Amino acid sequence: MKKGILLLSAILILSLTACSSSEKVTKAEAPSSISSATNTEAVLDSINLSQYRTGTTRTQPELINVYSDQEKLAVLGAWLKTAGTPEVFPEDKKINRINVVVYFYKVEEQPLTSDAYMLVTFEDGTSYSKLAVPPRFIEDNYPYDESVNESIISHMGTDDWRKMGDTNNIF
């Protein structure tokens with residue numbers, strides 16, 4: 001039944017987005033240096049936002065929001081383009097939160113493809129992201145507390161992090 005609801009939701013979302021007159025964000029528009037995308041006409045279908053959170057009984061990162069509205073997708077797609085040049089992870093800053101942002105793309109009749117990014121926001125308000133390319137992966141934790149932040153970052157590696165544009169009011 002859960003799969004049926006998901007399938008029905010996906011069909012509804014696809015039919016609504018197909019009728020939308022809003023600007024569509026394609027995978028080809030994302031900077032090639034931060035996307036595993038090929039230059040095909042892949043359309044941004046949805047975005048999942050997860051966060052490592054304390055005080056919960058769920059495995060972390062925990063899904064906290066799903067975006068499928070074309071206007072919000074356009075904003076989040078444009079935000080992805082604000083990524084700076086690759087640099088080393090700024091280990092001297094105190095982490096405020098760690099999110100995982102997964103961009104789902106649709107290419108014609110093919111199954112959805114995705115790019116997952118780890119997004120670290122520091123107490124000073126700056127954010128850095130990194131594309132999770134195998135063999136690096138997003139580490140699941142249960143329970144989560146800030147003492148495992150170093151382990152989470154080491155799994156992603158300290159190279160190729162990109163400073164991001166302003167994240168205020170974007171997620």
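Up top is the structure these notes are about.
None of the values given here were measured: they were computed from a predicted structure.

Chemist: With reference to specific residues and values, describe empty space enclosed by the protein.
Modeler: Considering all chains together, one arrives at 2 cavities of 30 Å³ or more under this definition. Contributing to the lining of the second largest cavity are Trp79, Leu80, Val101, Tyr103, Tyr117, Leu119, Ser129 and Met164.

Chemist: With reference to specific residues and values, describe the pattern of salt bridges.
Modeler: Two side chains carrying opposite charge are able to pair once their charged atoms lie near each other. Enumeration according to the criterion identifies 4 salt bridges in this entry. Between Arg53 and Glu62 there is a salt bridge; the shortest N-O distance is 4.0 Å. Residue classification places Arg53 among the partly exposed positions, given a relative accessible area of 36%. Residues Arg58 and Glu62 are paired through a salt bridge, measuring 3.0 Å at the closest nitrogen-oxygen approach. On the accessibility criterion, Arg58 (52% relative accessible area) is exposed. Bridged by salt links that share partners, the residues Arg53, Arg58 and Glu62 form one connected network.

Chemist: Now, about the nonpolar core: what can you tell me, with residues and values included?
Modeler: Judged by nonpolar contacts, the single largest core of 19 residues is most densely connected at Ile47 and Tyr103. Among the elements of the structure, β1 (43–51), α2 (70–80), β3 (95–106) and β4 (113–122) are those that each provide at least two residues to this core. No other element matches α2, which puts 4 residues into this core. The residues touching Tyr103, leaving out its near neighbours within four places in the chain, are Leu44, Ser46, Ile47, Leu76, Gly77, Trp79, Leu80, Thr113, Ser114, Asp115 and Tyr117. Core analysis: the second largest hydrophobic core is formed by 18 residues, Ile98, Met118, Phe122 and Met156 among them.

Chemist: Which residues make up the side chain of Ser50, and what values do they have?
Modeler: As for its position among the elements, Ser50 is in strand β1. Note on Ser50: relative accessible area 12%, which makes it buried. The residues contacting Ser50, other than those within four sequence positions of it, are Pro61, Glu62, Leu63, Ile64, Ile98, Asn99 and Val100.

Chemist: Outline the packing of aromatic side chains, listing residues and values.
Modeler: For any pair of aromatic rings, the description consists of the separation of the ring centres together with the inter-plane angle of the planes. Applying the stated rule across the entire model yields 5 aromatic pairs. Between Phe89 and Phe122 the ring centres are 5.6 Å apart and the planes differ by 50°, which places this aromatic pair in the tilted class. Linking Phe89 in the loop between α2 and β3 with Phe122 in strand β4, this pair joins segments that are 33 residues apart in sequence. In this structure, Phe89 and Phe122 share a single accessibility class: buried. Ring centres of Phe89 and Trp161 lie 4.9 Å apart, and the angle between their planes is 65°; this geometry places the pair in the edge-to-face category. Here the residue Phe89 occupies a position in the loop between α2 and β3, and Trp161 occupies one in the loop between α3 (149–156) and β6 (162–163), the gap between them amounting to 72 residues. Considered together, Phe89 and Trp161 belong to a single accessibility category, that of buried residues. Linked through ring pairs, Phe89, Phe122, Tyr128 and Trp161 together constitute an aromatic cluster.

Chemist: Just give me the short version of the pairing of β1, but keep the residues and values in it.
Modeler: Taken across its 9 residues, β1 has 8 buried, putting it largely inside the fold. Of the strand pairs in this sheet, β1 and β3 are connected by 8 bridges, and their pairing is antiparallel. Bridging across to β3, Leu49 finds its partner in Val101. In terms of strand pairing, β1 meets strand β2 (residues 62–67) through 5 bridges, oriented antiparallel. Within β2, the position partnered with Asn48 by the bridge is Val66.

Chemist: Report on α3, specifying residues and quantitative values.
Modeler: Taken residue by residue, α3 has Asn149, Ile152, Ile153 and Met156 as its buried positions. Seen end-on, α3 carries its buried residues on one side only, within an arc spanning 95°. Remark: Gly157 follows α3 within two positions and exhibits a positive phi of approximately 90°.

About the criteria used
The numbering scheme is per chain: residues are counted from 1 as the chain's sequence reads. Only residues with pLDDT of 70 or above have their local features reported here, since the model is predicted, and side-chain atom pairs are shown and tallied only from 80 upward, although totals for entire chains, interfaces and linings are computed over all residues. Excluding hydrogens and water, the side-chain figures rest on all heavy atoms present in the structure. Space inside and on the surface of the protein is sampled on a 1 Å grid over the protein atoms alone, with a cavity defined as a set of points where a 1.4 Å probe fits but cannot get out and a pocket as an open set with protein on both sides within 12 Å along at least 5 of 7 lines; lining residues have an atom within 4 Å of a point. Grid points are joined across faces, edges and corners, and a volume is the space filled by probe spheres set on the points. We define a salt bridge as a side-chain nitrogen of Lys or Arg found within 4 Å of a carboxyl oxygen belonging to Asp or Glu. Note on classification: 1.4 Å probe, protein chains only; a residue is buried when its accessible area is under 20% of the maximum for its type, exposed when over 50%, partly exposed between these limits. Here, nonpolar core refers to any group of buried Ala, Val, Leu, Ile, Met, Phe, Trp, Tyr and Cys residues whose side-chain atoms link them within 4.5 Å. Runs of E in the DSSP output that reach at least two residues are strands. Runs of H or I that reach at least four are helices, and both are numbered from the N terminus. Note on definitions: a residue-residue contact is assigned when non-hydrogen atoms from the two residues lie within 4.5 Å. Geometry of aromatic contacts follows a simple scheme: Phe, Tyr and Trp rings, the Trp one being its six-membered ring, pair when their centres are within 6.5 Å, and the pair is stacked under 30 degrees between planes, edge-to-face over 60, tilted otherwise. Strands were regarded as paired on the criterion that DSSP finds at least two bridges between them. The arc in question is the one traced by the directions running from the helix axis out to the C-beta atoms.

By themselves these figures say nothing about function.
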